[in-house]
Amino acid sequence: MPYQVLTNTQLSPTILELLAPSSEVTIWQGRETPAEVLQKIEGFLVYGHPKIDGSIMDLMPKLRVISNFGVGVDHIHLEDARTRGIAVGNTPGLVDGATADMTFALLMAVARNLVIGDHYARGPEFTAYDPNLHHGYEVHGSTIGIVGMGNIGQQVAKRARGFDMEILYHNRKRNEAAEAALGASYRSLPDLLAQSDYVTLNVPLTPETRHLIGRKELQQMRPTAFLINVARGGVVDHDALVEALQAGWIAGAAVDVTEPEPLPRDHPLLKLKNVVIAPHLGSATRQTRYNMAKRTVDNLLAGLSGQALPNRIA
Ligand code: 8YV
């Protein structure tokens, strides 16, 4: 008998191929999904960031494992899963390199006017080269402030070394091993914000980090500094960010994630020139996506067959 697996949206061909020998996959149609279908579901493969809490889990009495495609699990109510004896898996360690690469891609793009320059180079105004235009900010030799010195933060620090940057970091607790290995110096959050040219957010979204960066924090940054968010939109208060960018409290921002995601099409952030926005591409490389797919299916199948999940978060 194949395992009965639910997913919230169309899965990638890779995941479908990995699941095909063992599982029958049903796509969640919201509350419209017939009860007799949900009664049979044993595993839930979460693809993207739908909110999953106890009220959804309770629709599936046989559910014993939730496998999340990705490391961040802020959209899944872990305590609700724990109290119901449902295992939750995720994919730590696999997205670090790609997400750190993306942090730097965004940092470089906003500092060096890459998006503005791209539009200009394609547009009608570019009729003659003008050395007066599009002066950006130095990246090499500047100071980076990494908020969250976990796996991704450490990969960001490694890249910053190659750019001869001074590396500051803030973390819940000091990471002395990272300090020694990467030449990073610990700072309180206010000190990091005041002393960095680039502040990168590399923390998970938790109740403690929700709106970690708000009005007060943005005002502590330098008017020449940039904020780079590759974590979760919810780490930043977006009203405050718009105000900071319009008022010139900071020079610019580059974000891979927003709150909500996507932003409403008329959101003021989308109209600002000193912002670069990507549609959550942090881990979107072919290799990383494959590795994530494999681990998500391994976690799911382990849970379904009563074995320990390779990566269990709850
Ligand atoms: C994933 C991510 O692409 O792993 C994470 O937490 O944010 C992304 O890199 C995403 O979660 C998959 O939908």
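Residues numbered from 1 in each chain as written. Predicted model: local features only at pLDDT ≥ 70, side-chain atom pairs only at ≥ 80, totals over all residues. Heavy atoms only, no water.

Trainee: What exactly am I supposed to notice about the domain arrangement of the protein here?
Mentor: How large an interface is tends to be reported as the accessible area lost when its parts come together. What the domain assignment reports for the protein is domain 1 (3-94 + 287-304) and domain 2 (96-277). Relative to domain 2, the C-alpha centre of domain 1 lies at a distance of 32 Å. If you look at the interface, domain 1 gives six residues, while domain 2 gives six residues. In total, about 500 Å² of surface goes out of reach between domain 1 and domain 2, with carbon and sulfur atoms giving 42% of it. If you sort the residues of domain 1 by the area they bury against domain 2, His-49, Asp-74 and Gly-93 come out on top, with a joint share of 66%. Inspection of the region where domain 1 meets domain 2 yields one salt bridge. For Arg-232, the salt bridge goes to Asp-74, with nearest N and O atoms at 3.0 Å. (Domains from an automatic or database assignment. Contact = heavy atoms within 4.5 Å. Buried area = accessible area lost by both parts, 1.4 Å probe. Salt bridge = Lys/Arg side-chain N within 4 Å of Asp/Glu carboxyl O.)

Trainee: I tried to follow the nonpolar core on my own but got confused; where do I start?
Mentor: Of all hydrophobic cores here, the largest spans 46 residues; its most connected members are Ile-15 and Ile-144. In terms of residues, this core owes the most to one element, helix H5 (residues 96-111), which gives eight residues. In this structure, Ile-15 is in contact with Leu-45, Tyr-47, Phe-69, Ala-293 and Val-297, ignoring residues within four places of it in sequence. Among the nonpolar cores identified, the runner-up in size contains 29 residues, and Leu-189, Leu-192, Val-235 and Leu-269 belong to it. (Core = buried A, V, L, I, M, F, W, Y, C linked by side-chain atoms within 4.5 Å. Buried < 20%, exposed > 50% of the residue type's maximum accessible area, 1.4 Å probe, protein only. Helix = DSSP H or I, 4+ residues; strand = E, 2+ residues; numbered from the N terminus.)

Trainee: Can you walk me through the side chain of Asp-256 in this structure?
Mentor: With respect to the helices and strands, the residue Asp-256 is situated in the loop between strand S11 (252-255) and strand S12 (275-277). For the buried Asp-256, no salt bridge is present, and the opposite-charge side chain at shortest range is Arg-232, 7.5 Å distant. Side-chain polar atoms of Asp-256 contact the backbone nitrogen of Gly-282, separated by 2.7 Å. Apart from residues no more than four positions distant in its own chain, Asp-256 is found in contact with Met-102, Leu-106, Asn-229, Val-230, Glu-261, Ala-278, Pro-279, His-280, Leu-281 and Gly-282. (Lys, Arg positive; Asp, Glu negative; His and termini not counted. Polar contact = N/O pair within 3.5 Å; in protein donor to acceptor, adjacent residues only side chain to side chain.)

Trainee: Looking at this structure, I do not really get helix H11 (residues 238-247). What am I missing?
Mentor: Since one α-helical turn is 3.6 residues long, residues separated by three or four positions face the same way. Those residues of H11 that fall on the buried side of the exposure criterion are His-238, Ala-240, Leu-241, Val-242, Ala-244 and Leu-245. On its buried face, H11 sits against helix H10 (215-220), strand S10 (226-229), S11 and S12.

Trainee: So what exactly am I meant to see when it comes to the site of the ligand here?
Mentor: In the neighbourhood of the ligand, the contacting residues comprise Gly-48, His-49, Phe-69, Gly-70, Val-71, Gly-72, Val-95, Arg-232, His-280, Ser-283, Arg-289 and Met-292. For the ligand, an oxygen atom lies 2.7 Å from a polar atom in the backbone of Gly-72. Between the ligand and Ser-283 there is a distance of 2.5 Å, counted from an oxygen atom to a side-chain nitrogen or oxygen. Calculation on the ligand without its partners gives an accessible area of 330 Å², and the protein chains cover 90% of this total. Here the residues of the shell around the ligand sort into four nonpolar, six polar and two charged. (Near = heavy atom within 4 Å. Areas by Shrake-Rupley, 256 points an atom, 1.4 Å probe, with all protein chains shown as cover. Nonpolar A, V, L, I, M, F, W, Y, C, P; charged D, E, K, R; others polar.)

Trainee: Looking at this structure, how should I read the packing of H5 against helix H7 (residues 151-162)?
Mentor: Between two packed helices, both the angle of their axes relative to each other and the distance between the axes serve to describe the pair. Between H5 and H7, whose axes approach to 8 Å, the crossing angle comes to 50 degrees. In terms of axis orientation, H5 runs oblique to H7. Considering only the axes of H5 and H7, their crossing is right-handed. Residues Asp-96, Gly-97, Thr-99, Ala-100, Asp-101, Thr-103 and Phe-104 of H5 touch H7, and the partners they reach there are Asn-151, Ile-152, Gln-155, Val-156, Arg-159 and Ala-160. Class assignment for the residues of the contact of H5 with H7 results in five nonpolar, five polar and three charged. (Axes fitted to C-alpha atoms, helices over the stretch in contact; angles between N-to-C directions. Parallel < 35°, antiparallel > 145°, perpendicular 65-115°, else oblique. Left-handed = near helix turned anticlockwise from the far one by under 90°.)

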